[in-house]
Amino acid sequence: MRFAIIAFLLVAVVASILSDWLIYRDLCFLKKKKKLRIAHLVFATLLYCLLLAAFISLLTPVNSMLFTGWCIFIFLSVFVAKFLYIIFRGISAIPVLFKHKAWKSVQIAGFAVSVACFILLWWNAIVTPRQFDINEVTIESAKLPAAFNGYRIVQFSDLHVGTFGNSQSIPIRLVEKINALKPDLIVFTGDIVNNRSSELIPFIPSLRNLEAKDGIVSILGNHDYGDYAKWKTESAKRDNLDWLVRIEEDSLNWRLLRNEHFFLKNGNDSIAIIGVENWGEPPFSTHGDLNKAYPDINDKHFKLLLSHNPKHWDIEVCHTPVDLTLSGHTHAMQMVLSVGKWKWSPSAWKYEHWQGLYEKNGKYLYVNIGIGEVGLPIRIGATPELTVFTLKSKMP
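It should be emphasised that the depicted structure is a prediction, and the values quoted were computed from it without experimental measurement. Residue positions are counted from 1 within each chain, in the order its sequence is given. Per-residue local features of the predicted model are confined to residues with pLDDT of at least 70, and side-chain atom pairs are confined, for both listing and counting, to 80 or more; whole-chain, interface and lining totals are unaffected and use all residues. Side-chain measures were taken over the full set of non-hydrogen atoms in the model, leaving aside hydrogen atoms and water.

Asker: What should I look at first to understand the nonpolar core in this one?
Answerer: Side chains of nonpolar character tend, in soluble globular proteins, to be buried together. Residues belong to a common nonpolar core when they are buried Ala, Val, Leu, Ile, Met, Phe, Trp, Tyr or Cys residues joined through side-chain atoms within 4.5 Å. Note on exposure labels: buried denotes an accessible area under 20% of the residue type's maximum, exposed denotes more than 50%, and partly exposed covers the range between, all computed with a 1.4 Å probe on protein chains only. Phe156, Leu159, Ile192, Leu200, Leu207 and Trp254 are the most contacted members of the largest nonpolar core, which has 34 residues in total. Secondary structure elements are taken from DSSP: a helix is a run of H or I of four residues or more, a strand is a run of E of two residues or more, and numbering for both begins at the N terminus. Broken down by secondary-structure element, the contributors of at least two residues to this core are strand E2 (152-156), helix H5 (169-180), strand E3 (185-188), helix H6 (204-207), helix H7 (234-251) and strand E14 (385-393). The contact partners of leucine 207, leaving out residues within four places of it in the chain, are Leu159, Val175, Ile192, Leu200, Leu252 and Trp254. Counting 24 residues, the second-largest nonpolar core is a separate cluster that includes Ile139, Leu144, Tyr151 and Phe262. Should any heavy atoms of two residues lie within 4.5 Å, those residues are considered in contact.

Asker: Would you mind going over the sheet that holds strand E13 (residues 363-367) with me for this structure?
Answerer: Each strand in a sheet pairs with its neighbour through backbone hydrogen bonds, running either in the same direction (parallel) or in the opposite one (antiparallel). Here a strand pair is declared whenever DSSP counts at least two bridges between the two strands. The six strands are arranged E6-E7-E8-E9-E13-E12 in an open sheet whose pairing can be described as mixed. Of all the strands in the sheet, the pair left with one neighbour each is strand E6 (260-266) and strand E12 (356-360). Adjacent strand axes in the sheet meet at a mean angle of 20°, parallel and antiparallel pairs treated alike. As paired elements, strand E7 (residues 269-275) and strand E8 (residues 303-306) share four bridges and run parallel to each other. Its bridge partner being in E8, alanine 272 is matched across the sheet by lysine 303. Working convention: axes come from line fits to C-alpha atoms, limited for helices to the stretch in contact. Angles between N-to-C directions cover 0 to 180 degrees.

Asker: For this particular structure, what's the right way to read the pattern of salt bridges?
Answerer: Pairs may arise between side chains of opposite charge once their charged atoms sit close together. A side-chain nitrogen of Lys or Arg and a carboxyl oxygen of Asp or Glu constitute a salt bridge if their distance falls within 4 Å. Using the criterion set out here, one finds seven salt bridges in the structure. For aspartate 227, the salt bridge goes to lysine 237, with nearest N and O atoms at 2.6 Å. With aspartate 227 in the loop between strand E4 (216-218) and H7 and lysine 237 in helix H7, this residue pair connects regions lying 10 residues apart in the sequence. Note that arginine 379 is salt-bridged to glutamate 373, the shortest N-O span being 3.9 Å. The exposure class assigned to glutamate 373 is buried, which follows from its relative accessible area of 6%.

Asker: Looking at this structure, I do not really get the sheet that holds strand E1 (residues 133-141). What am I missing?
Answerer: Read from one edge to the other, the open sheet built from six strands follows the order E1-E14-E2-E3-E4-E5, with strand pairing classed as mixed. Every other strand in the sheet has two partners, leaving E1 and strand E5 (255-256) as the edge strands with one partner each. Taken together, the four bridges between E2 and E14 define a ladder with antiparallel strand orientation. Across the sheet, the residue bridging to isoleucine 153 is phenylalanine 389, located in E14.

Asker: Looking at this structure, how should I read empty space enclosed by the protein?
Answerer: If a probe the size of a water molecule is rolled over the atoms, the empty space left behind becomes visible. Only protein atoms enter the 1 Å grid, on which a cavity is a set of points fitting a 1.4 Å probe that cannot get out and a pocket is an open set with protein on both sides within 12 Å along at least 5 of 7 lines, lining residues being those with an atom within 4 Å of a point. Grid points are joined across faces, edges and corners, and a volume is the space filled by probe spheres set on the points. Under the definition given, this model contains one cavity of 30 Å³ or more. In this structure, the largest cavity spans a volume of roughly 80 Å³. If you go around the largest cavity, the residues you meet are Met65, Leu66, Gly69, Trp70, Thr163, Asn194, Glu373, Val374, Gly375, Leu376 and Pro377. Any residue that is not Ala, Val, Leu, Ile, Met, Phe, Trp, Tyr, Cys, Pro, Asp, Glu, Lys or Arg is counted as polar, Gly included; the first ten are nonpolar and the last four charged. Taken together, the residues that form the lining of the largest cavity break down as six nonpolar, four polar and one charged.

Asker: How should helix H4 (residues 104-126) be read in this particular structure?
Answerer: Residues separated by three or four positions in an α-helix point in the same direction, a consequence of the helix having 3.6 residues per turn. What a helix should span is 1.5 Å times the count of its residues minus one. With 23 residues, H4 ought to run about 33 Å at 1.5 Å a step, and its terminal C-alpha atoms sit 33 Å apart, in line with that. Residues of H4 that are buried: Val106, Gln107, Gly110, Ser114, Cys117, Leu121, Asn124 and Ala125.

Set out below in structure tokens:
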């Protein structure tokens, strides 16, 4: 993954250098603008230094995803704006080929589009990640006991607290939003950290304030195992995971399910809550085992499964009697383009089910696009999501 990022950035650097050279040439044609040319060179040099720092961070055994992500984002936000300007500039120069004056209006439009794009990128890096979409979903099932009719479950996912550094603003608002929904049960569907369990320490006091009548249930995601960090020994990596488990279970008082289940009781009725460890297609690690988590899969209980990766549902779960599966993982690749009811995300190239509710043969999957970020600290149209499920009994 690191080498793919580095290869992409190398291409971006070459294109950026070309853009800077063309912009500098344009400035050379402006009389008495020496200070502007110097400012351009100084600013460009600072950006390349910032990107070099990100490269060094990526190649070191212990790198800060927060620092690296912001360095790359700052560089790319300026690069995209410059590149758009160069495209418009090239179009504006077409008349010059026929010995006519360049289209100044096109060049001005290019500058306006570049500035607008730059502002839009920073809006989606600073404002959008601090907003929350609260999606209400009703699940009807003839298998749901009458005692659970109207039962409310709030799902959140992919917190990636390493994204927040030490800032408490998003976790505090998250807890306030969830508690205001007055859920009967809260479920977290994995990826609480980016790389290391230590990222979670500053947020224990905030997350401990989550409240639900029947508590908080959680599972592990692919990032929670420490697979994306360099460890001196395998035992150090295991200790990191053990620490994360202790934090969730003891410090946060969450019920972490690791290929386990329990029966949630309400009066004389009960439903099965199942949690598997991360089930992943390569290169993601696979630890999930549905048969171990719930051996009697064909019993008559209404079954709610927490499984981080939605591909688990595609390949295995949808062929079982599990009634409702809640997943995360995709983040919608932190980009959602929408017009009316139409939505598209680059995650659709990899995941058939990447956001929202899906149904097959009376069995449901819901994919929550999460709260935090991985890689670039930006969510373009992919507003952090909280999902409220209301369970409804229906006559068979």
